[in-house]
Amino acid sequence: RVLIVLLGLLGRVLIVLLGLLGRVLIVLLWLLGRVLMELLWLLGRVQRVLLWLLGRVLIVLLWLLGRVLIVLLGLLGRVLMELPWLLGRVLMWLLRRVLMELLWLLGR
């Protein structure tokens, strides 16, 4: 009879302890869910800020690339404008050298 009473008390204590453990686990899981939701929200905010910064950097880089292309195209235009004059000078120098050589060879 004492053994039955002790087993009954032990069973009730185990039921109470398991109930408390279940409630603690439910609260811990709820807290974990809240923490994960907050972390995901913060990650979303950080991701949004990083994408905004990346957009700004890309805009500045594209602007700089445009400026460099404008300068390079301007230099190319100037070179192309000066090219006929330069080719004329080189051809005149070559023609003069060839004529001088021919005159020197003929005069010999």
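See the structure above.
Since the model is a prediction, treat every value here as computed from it, not as a measurement.

Enquirer: What is the right way to read the overall build of the chain from this model?
Expert: Counting its secondary structure elements, the chain contains one helix and zero strands. For the chain, whose C-alpha radius of gyration is 45 Å, the value lies well above the compact-globule estimate of 13 Å for 108 residues. Taking all 108 residues of the chain together, the buried fraction comes to 0%. Here the chain displays about 10900 Å² of accessible surface, and carbon together with sulfur accounts for 80% of that area.

Enquirer: Teacher, can you tell me more about the environment of Leu10 here?
Expert: Take Leu10: it is sitting in helix α1 (residues 2–107). Leu10 sits in the partly exposed class, given a relative accessible area of 49%. Between the C-alpha atoms of Leu10 and Arg45, which are 35 residues apart in sequence, the distance is 52 Å.

Enquirer: Can you walk me through a nonpolar patch on the surface in this structure?
Expert: A contiguous nonpolar surface patch, about 1100 Å² in accessible area, is contributed by Leu73, Leu76, Leu80, Leu83, Trp85, Leu86, Leu87, Val90, Leu91, Trp93 and Leu94. You can see Leu83 is positioned in helix α1. Relative accessible area serves as the criterion here: at 34%, Leu83 is assigned to the partly exposed category.

Enquirer: Would you mind showing me how to read the environment of Gly107 here?
Expert: Here Gly107 lies in helix α1. As for Gly107 and Leu10, which are separated by 97 residues in sequence, their C-alpha atoms are 135 Å apart.

Parameters at a glance
- Residues numbered from 1 in each chain as written.
- Predicted model: local features only at pLDDT ≥ 70, side-chain atom pairs only at ≥ 80, totals over all residues.
- Heavy atoms only, no water.
- Helix = DSSP H or I, 4+ residues; strand = E, 2+ residues; numbered from the N terminus.
- Rg over C-alpha atoms; globule rule 2.2 N^0.38 Å.
- Buried < 20%, exposed > 50% of the residue type's maximum accessible area, 1.4 Å probe, protein only.
- Areas by Shrake-Rupley, 256 points an atom, 1.4 Å probe, with all protein chains shown as cover.
- Patch = residues over 30% accessible without salt bridge, like charges linked within 9 Å, V, L, I, M, F, W, Y side chains within 5 Å.
- Salt bridge = Lys/Arg side-chain N within 4 Å of Asp/Glu carboxyl O.

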